[in-house]
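# Observations on the model geometry
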Amino acid sequence: MTLRLTNTLTRRSEPLVPLVPGQVSIYCCGVTVYDLCHLGHARSYIVWDVLRRYLIWRGLAVTFVQNITDIDDKILQRATEEGSSMEAVSERNISAFQADMAALGILPPDRMPRATRCLDGIRALIGELEAKGAAYSADGDVYFAVMKAEGYGKLSGRDLESQQDNASGRVSGAQEARKHHPFDFALWKGAKPGEPSFPSPWGLGRPGWHIECSAMVRAELGESIDIHLGGADLIFPHHENEIAQSEAATGKPLAQLWLHNGMVNVGGQKMSKSLGNFTTIRALLASGVSAMTLRLFVLQAHYRKPLDFGPVALEAAATGWRGLGAALAVGGAAAVGWEAGPEAEPNFEPSPELARQRDAFVAALDDDLNSSSALAVLFELARPLRSLANRLERGELPSPDDRRLEDQWRLLVELAGVLGLKAEASATPAAEPVGGPSEAEIQALIEQRRTAKGAKDYASADGLRDQLRRHGIELIDRPTGVTDWIRK
RNA sequence: GGCGGCAUGGCCAAGUGGUAAGGCAGAGGAUUGCAAAUCCUUUACCCCCAGUUCGAAUCUGGGUGCCGCCUCCA
């Protein structure tokens, strides 16, 4: 079996056959750092994180490059609004981006080039395109000539002829008027007064959006790479233009496989900054949703399909994760004290049944990264382990039969790790609201209730429990006689 | 208008020709003084119509509905 992925370029599922056997070069379109990242970004990067982890797990040497666009109109606009500089806005959001990705358990890219630090490559590429007649300059701007590009539109299925009528309606303004064709796009934008700018053979200015990716791919990974990643909203025009630029310059295919993730929707509509219906990653995490819950939420759907975000779906994921997390954590319980081997090198020979589950997991991911099916395997592996976790919680000791679950647990930990799912160190109850009863008060009430229960005065006991419940405190009577509590 | 995608149980979601994974919710059971939590069991003929086939959720044609892209966007 080999991994097959749906290639946007051909609209078909194709096997991954690395250009260099054993190695996979991946370029992932990153963020424009004008603001905080939201769940749309989270989904995209979680999904690609799983792709990367899976390839590594399968023994491939992956080089993962993800860019940062740190020069762009929106960053400039933000800087103007807040009276700071483009650098200040960029730096702040890059830090936030990295912190958010780390909080989500996403592996950092091997290299993370920034547009402002790749200007030599960008200028060189524009120069080549101009020399080849693929680009033209006009009043300090440089544009790419789409009519001269072989196969323009092949990624997005667009045909220049049939688009023209529609597009012509948009030609307006000075910049549009300079273009030879409405679909021509800027490689270099001449600086307007007061804007940050960089020197170039065409005068002071800054790079267009698309050109940085073409330049970075070439600088970091070479003229042709294995996989190019991004959100489905980047197919046109961004990736279409990247292909046009790179292939006009090199004459070689930019990437073998183009993968695009579906959008996160809210109430059936795409989550986006412009619609204002977004939730930032940090706001969600701060609200008490764990990174693992979010990951489970994302991976329960296939990566190419739209994913509807809402409180109900999120709650379902949280409940699901509670079970899976409990199974993952059971091996570390003092009573069993199992140890997981290193994620990347399984150190055990699975039984035929476990081997079957493992194969099912692999087959699922091999089939265009079907994480939903892969999760089904995880839940099945987890079931007896959850049962064990529950028995341990009730104070039972593991039976000799439970020893047989050790391998199952190891397999679960290993496979869950491929999806980036890991037991959390501890379920930290969020530091809590002011105004509620203090811990000592709670303990005192629990003690009162214990006494009432001892006297079989259940009316009083239940009254005390209800009283605490009104403060969001849930009591849990353990079989051992101890009463624990949690804030809900 | 052009291009692309999607429609599966109460909700989410796999499944691309051989008789419907998994999660959440619900129901029944175990446990509990009662709860909570937990564990076990259990719940579908797959948007509509026509066709191909021994056989279709899965293929073909038509219809209906929804979404994305065509401007910055993960």
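All of these numbers come straight from a predicted model, not from anything done at the bench. Within each chain, residues carry numbers counting from 1 in the order of the written sequence. Here the convention is simple: chains get letters from A, ligands get numbers from 1, in the order in which they are written. Selection of residues for local features in this predicted model requires a pLDDT of at least 70, selection of side-chain atom pairs for listing and counting requires 80 or more, and totals for whole chains, interfaces and linings are taken over all residues. Side-chain calculation: all heavy atoms of the structure are included, whereas hydrogens and water are not.

### Things to note about the overall build of chain A
Put simply, the rule is: Here a strand is any run of E in DSSP of at least two residues, a helix any run of H or I of at least four, and the numbering for each starts at the N terminus. Buried, partly exposed and exposed residues are distinguished by accessible area as a fraction of the type maximum, computed with a 1.4 Å probe on protein chains only: under 20%, between the cut-offs, and over 50%, respectively. Contact between two residues is taken to exist if any of their heavy atoms lie within 4.5 Å; hydrogens are not considered. To measure how exposed things are, a 1.4 Å probe is used in the Shrake-Rupley method; for residues, cover is taken only from the protein chains shown. Under this rule, positive means Lys or Arg and negative means Asp or Glu; His and the chain ends count for nothing. Where a charge lies is defined by one atom per residue type: Lys uses NZ, Arg uses CZ, Asp uses CG and Glu uses CD.
Counting its secondary structure elements, chain A contains 17 helices and 15 strands. For chain A, the spread of C-alpha atoms along the three principal axes comes to 90 × 55 × 35 Å. For chain A, the proportion of its 488 residues judged to be buried stands at 48%. The contacts in chain A between residues at least 6 apart in sequence include a share of 75% that link residues at least 24 apart. About 22,800 Å² of surface is accessible on chain A, with carbon and sulfur atoms providing 52% of the total. If you average the places of the 53 positive and of the 62 negative side-chain charges in chain A, the two averages end up 3 Å apart.

### A few points about helix 17 (residues 458-470)
What counts is decided by this rule: Working rule for helices: expected span equals 1.5 Å times residues minus one. Arc, as used here, means the arc of the directions from the helix axis to the C-beta atoms.
Between its first and last C-alpha atoms helix 17 spans 18 Å; for 13 residues at 1.5 Å apiece the expected length is 18 Å, and the two agree. Ala461, Leu464 and Leu468 are the residues of helix 17 that are buried. End-on, the buried residues of helix 17 take up no more than an arc of 65°, which puts them together on one face. Set apart from the buried face of helix 17 by more than 90 degrees, the exposed residues are Ala459 and Arg470.

### Structural notes on unusual backbone geometry
Glycine aside, the phi torsion of most residues is negative, and most peptide linkages are trans. The omega angle of the peptide bond from Phe236 to Pro237 is 0°, so this bond is cis rather than trans. Relative to the assigned elements, Pro237 resides in helix 8 (residues 235-250). Unusually for a residue other than glycine, Arg11 sits at a positive phi of about 60°. We note that Leu369 has phi near 60°; this positive angle belongs to a residue other than glycine. Mapped onto the fold, Leu369 is located in the loop between helix 12 (352-366) and helix 13 (371-393). With a relative accessible area of 4%, Leu369 lands in the buried category.

### Overview of the sheet that holds strand 9 (residues 225-231)
Inclusion rule: Should DSSP find at least two bridges between two strands, the strands are regarded as paired. Here an axis means a line fitted to C-alpha atoms, over the contact stretch when the element is a helix, while the angle between two N-to-C directions is reported on a 0 to 180 degree scale.
Spatially, four strands are ordered 4-3-9-10 in an open sheet, and the strand pairing comes out parallel. On the outer flanks of this sheet lie strand 4 (61-66) and strand 10 (255-261), each paired with one strand and no other. Looking at each pair of strands side by side, their axes are set apart by 20° on average, direction ignored. Where strand 3 (residues 23-28) lies against strand 9, three bridges are found, and the strand directions are parallel. Each bridged residue has a counterpart across the sheet, and for Ile26 the counterpart in strand 9 is Ile227.

### Digging into empty space enclosed by the protein
Selection rule: Any residue with an atom within 4 Å of a point lines the site, the site being either a cavity, points on a 1 Å grid over the protein atoms alone where a 1.4 Å probe fits but cannot get out, or a pocket, an open set with protein on both sides within 12 Å along at least 5 of 7 lines. Grid points are joined across faces, edges and corners, and a volume is the space filled by probe spheres set on the points.
Scanning all chains against the criterion turns up four cavities of 30 Å³ or more. Lining of the second largest cavity is provided by Leu125, Ser214, Val217, Arg218, Gly222, Glu223, Ser246, Thr250 and Leu254. Among the elements of the structure, helix 7 (209-221) and helix 8 are those that each provide at least two residues to the lining of the second largest cavity. Counting residues per element, the lining of the second largest cavity draws most heavily on helix 7, which supplies three residues.

### A short note on the sheet that holds strand 12 (residues 269-270)
Pairing between the strands of a sheet comes from backbone hydrogen bonds, and it takes one of two forms, parallel or antiparallel. With mixed pairing, three strands are arranged side by side in an open sheet as 12-11-13. Sheet topology places strand 12 and strand 13 (307-309) at the edges, where each strand pairs with a single neighbour. Summarising the sheet, strand 11 (residues 264-266) and strand 13 pair through three bridges and their orientation is parallel. For Val264, the partnering residue across the bridge sits in strand 13 and is Leu307.

### Some thoughts on the packing of helix 12 against helix 13
For any two helices packed against each other, the geometry comes down to the angle between their axes and how far apart the axes lie. Rules: Any angle that falls under 35 degrees is termed roughly parallel, while one over 145 is termed roughly antiparallel, one within 65 to 115 roughly perpendicular, and all others oblique. Should the near helix be turned anticlockwise from the far one by less than a right angle, the crossing is termed left-handed; should it be turned clockwise, right-handed. Nonpolar residues are Ala, Val, Leu, Ile, Met, Phe, Trp, Tyr, Cys and Pro. Charged residues are Asp, Glu, Lys and Arg, and all others, Gly as well, are polar.
For the pair helix 12 and helix 13, the least separation of the axes is 7 Å and the interaxial angle reads 160°. The angle between the axes of helix 12 and helix 13 places the two elements in the roughly antiparallel class. Note on packing geometry: the crossing formed by helix 12 with helix 13 is left-handed. Residues Leu354, Gln357, Ala360, Phe361, Ala364 and Leu365 of helix 12 form the contact with helix 13, whose participating residues are Ser371, Ser373, Ala374, Val377, Leu378, Glu380 and Leu381. By residue class, the composition of the contact of helix 12 with helix 13 is nine nonpolar, three polar and one charged.

### Things to note about the environment of Leu365
Residue position: Leu365 is located in helix 12. Taking relative accessible area as the criterion, Leu365 reaches 0% and is therefore assigned buried. C-alpha of Leu365 to C-alpha of Thr32: the two residues are 333 residues apart in sequence and 30 Å apart in space.

### Quick notes on the packing of helix 4 (residues 119-131) against helix 7
Relative orientation of the contacting elements helix 4 and helix 7 amounts to 105°, with a least axis distance of 9 Å. With respect to their mutual orientation, helix 4 and helix 7 come out roughly perpendicular. Where helix 4 abuts helix 7, its residues Gly121, Ile122, Leu125, Ile126, Glu128 and Leu129 lie against Ile211, Glu212, Ser214, Ala215 and Arg218. Split by residue class, the contact of helix 4 with helix 7 holds six nonpolar, two polar and three charged.

### Some thoughts on the pattern of salt bridges
For the record, the criterion: Salt bridges are counted wherever a side-chain nitrogen of Lys or Arg sits within 4 Å of a carboxyl oxygen of Asp or Glu.
One pass over the full model with this rule turns up 31 salt bridges. Across the pair Asp477 and Arg449 runs a salt bridge whose closest N-O atoms are separated by 2.9 Å. Residue Asp477 is located in strand 14 (residues 473-477), and its partner Arg449 is located in helix 16 (residues 439-454); the two are separated by 28 residues in the primary sequence. Classification of Asp477 by relative accessible area gives partly exposed; the value is 35%. Judged by its relative accessible area of 3%, Arg449 falls in the buried class. One continuous salt-bridge network, built from bridges that share partners, spans Asp73, Lys189, Glu195 and Arg206.

### Topic: the packing of aromatic side chains
We apply this condition: Note on aromatic pairs: the rings of Phe, Tyr and Trp (six-membered ring only in Trp) are paired at centre separations within 6.5 Å, and the planes decide the class, stacked below 30 degrees, edge-to-face beyond 60, tilted for the rest. Working rule: Lys NZ or Arg CZ, within 6 Å of ring centre, within 35 degrees of ring normal, means a charge sits over the ring.
Taken as a whole, this structure holds 10 aromatic pairs when the rule is applied. Ring plane angle 45° and centroid distance 6.1 Å describe the contact between Trp188 and Trp202, whose orientation is recorded as tilted. Pair noted here: Trp188 is in strand 7 (residues 185-190) and Trp202 is in the loop between strand 7 and strand 8 (205-207), with a separation of 14 residues, a long-range link. With respect to class, Trp188 is no different from Trp202; both count as buried. The interplanar angle of 45° and the centroid separation of 5.7 Å between the aromatic rings of Trp338 and Trp409 together place this pair among those described as tilted. In this pair, Trp338 is assigned in the loop between helix 11 (311-330) and helix 12 and Trp409 in helix 15 (residues 405-418), connecting sequence segments 71 residues apart. Trp409 matches Trp338 in its accessibility class, with the two residues each being buried. The lysine or arginine in question, Lys273, covers the ring of Phe278, its NZ or CZ lying 5.9 Å from the ring centre.

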